[in-house]
Amino acid sequence: MEDTRGRITKDGIRIYEDVDFSGMRAAGRVAAEILDLVGPLVVPGVTTAALDDFITGEVTRRGVTSATIGYRGYQHASCISVNHVVCHGIPGAKVIKDGDILNIDVTVILDGWFGDTSRMYVAGNISRKAARLIEVTHDSLMKGIEAVKPGNTFGDIGFAIQSYVEAQRMSVVRDFCGHGLGRVFHSPPNVLHYGRPGVGAVLEEGMFFTIEPMVNLGRPETKVLADDWTAVTRDKSLSAQYEHSIGVTAEGAEIFTLSPGGLYKAAFKG
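The structure displayed is predicted, hence computed values, not measured ones. (Residues numbered from 1 in each chain as written. Predicted model: local features only at pLDDT ≥ 70, side-chain atom pairs only at ≥ 80, totals over all residues. Heavy atoms only, no water.)

### Things to note about the sheet that holds strand 8 (residues 171-172)
And then number 1: Judged by pairing direction, the sheet is antiparallel, and its three strands sit side by side in the order 8-12-15 without closing on themselves. The strands lining the two open edges of the sheet, one partner per strand, are strand 8 and strand 15 (239-241).
And then number 2: The strands touched by helix 3 (residues 128-146) within the sheet are strand 12 (214-216) and strand 15, with strand 15 carrying the most contacts at an inclination of about 35°. (Pairing = 2+ DSSP bridges. Helix = DSSP H or I, 4+ residues; strand = E, 2+ residues; numbered from the N terminus. Contact = heavy atoms within 4.5 Å. Axes fitted to C-alpha atoms, helices over the stretch in contact; angles between N-to-C directions.)

Written out as structure tokens, the structure is:
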């Protein structure tokens, strides 16, 4: 679907109007509600396919559309990335075990608007290192969002995330990034989760995009498996990710995908 709303900056980034925020709020809320509901199902013994089946059922029940089913041949309503899988894990027969950590990523389309979000979950009892990784990843996302305000740059966002993560002796994945969205799934800008202050396009009120840092306990390098989707850490270290869809406001950022149930940070208890 071609997006013709608003205007385009010299960097190719669409600037939306005030009225467009309501569409993003509605789509983001549905995606976040689905992630709230799937949490209690994340227990040892469940398969990732069963989790995806539940998500598919919720998409259908709510009368929205999955943005991922049929996207470049993908056939699932979610990506589920377990342990050392960085992103784009394909749901299937894999059985979740006690101590596993997993990211669930959902994108829905409501009235033409895309709501894109992911968060971390745990099955049973996890290690202190895994719990710390999850906490640092969530906090890095929020620090990136705190850097969002008109006049700042995308480099400011990346620097806020990178400097915090590396101070915790973890690493930021560089092979994947956030992206613009609105009435299309992916559009400019590429939102890097590392960078230098003052570098990159200048933030303007009305920009819509995701921030979705992937953080590894080990080194940042990744590789994509033979299925052409699943990305894993090269050193097999644990990886975590959180994602919000946001809009730039006059004061800072509006988060479209906050948990309606207040479960965002609590998600690592399911």
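### Quick word on unusual backbone geometry
For residues other than glycine, phi is negative in most cases, and the peptide bonds are mostly trans.
And then number 1: Cis rather than trans, the peptide bond between Pro-188 and Pro-189 has omega equal to 10°.
And then number 2: Within the element layout of this structure, Pro-189 appears in strand 10 (residues 187-191).
And then number 3: A positive phi angle, near 65°, is found at Arg-169, a position not held by glycine.
And then number 4: In this structure Arg-169 comes out as exposed when scored by relative accessible area, which is 75%.
And then number 5: Of note in the backbone geometry, Lys-236 takes a positive phi value of approximately 65° without being a glycine.
And then number 6: With respect to the secondary-structure elements, Lys-236 resides in the loop between strand 14 (231-233) and strand 15.
And then number 7: When its relative accessible area of 53% is taken as the criterion, Lys-236 is described as exposed. (Buried < 20%, exposed > 50% of the residue type's maximum accessible area, 1.4 Å probe, protein only.)

### Points about the layout of surface pockets
And then number 1: Put simply, the largest pocket is a space of about 510 Å³.
And then number 2: Forming the boundary of the largest pocket are 24 residues, of which Tyr-71, His-88, His-179, Phe-185 and His-186 lie nearest the centre.
And then number 3: Broken down by element, the lining of the largest pocket gets its largest block of residues, three residues, from strand 6 (residues 101-110).
And then number 4: Residues that form the lining of the largest pocket fall into these classes: ten nonpolar, nine polar and five charged.
And then number 5: Quantified by volume, the second largest pocket comes out at close to 170 Å³.
And then number 6: Together, Phe-154, Gly-155, Asn-190, Leu-192, Tyr-194, Gly-195, Arg-196, Val-199, Gly-200 and Ala-201 line the second largest pocket.
And then number 7: Of the residues that constitute the lining of the second largest pocket, the class distribution is five nonpolar, four polar and one charged. (1 Å grid on protein atoms, 1.4 Å probe; cavity = no way out; pocket = protein on both sides within 12 Å on 5 of 7 lines; lining within 4 Å. Points joined across faces, edges and corners; volume = space filled by probe spheres on them. Nonpolar A, V, L, I, M, F, W, Y, C, P; charged D, E, K, R; others polar.)

### Comments concerning the confidence of the model for the protein chain
Any residue range with low pLDDT should be treated as having predicted coordinates unsuitable for detailed reading.
And then number 1: When pLDDT is averaged across the protein chain, the result is 95; 97% of the residues are at 70 or more.
And then number 2: Of the regions scoring below 50 in pLDDT, residues 266-270 engages in eleven contacts with residues more than four places distant in sequence or in other chains. (pLDDT = per-residue confidence, 0-100.)

### Considering the sheet that holds strand 14
And then number 1: The three strands lie next to each other as 5-14-13, forming an open sheet whose pairing is antiparallel. Edge positions in the sheet fall to strand 5 (85-87) and strand 13 (222-224), since each has one partner strand and no second. Sheet twist, expressed as the mean angle between neighbouring strand axes with direction ignored, is 40°.
And then number 2: Judged from the two bridges that link them, strand 5 and strand 14 form a sheet pairing that is antiparallel. Bridge pairing in strand 14 links Cys-87 to Ala-231.

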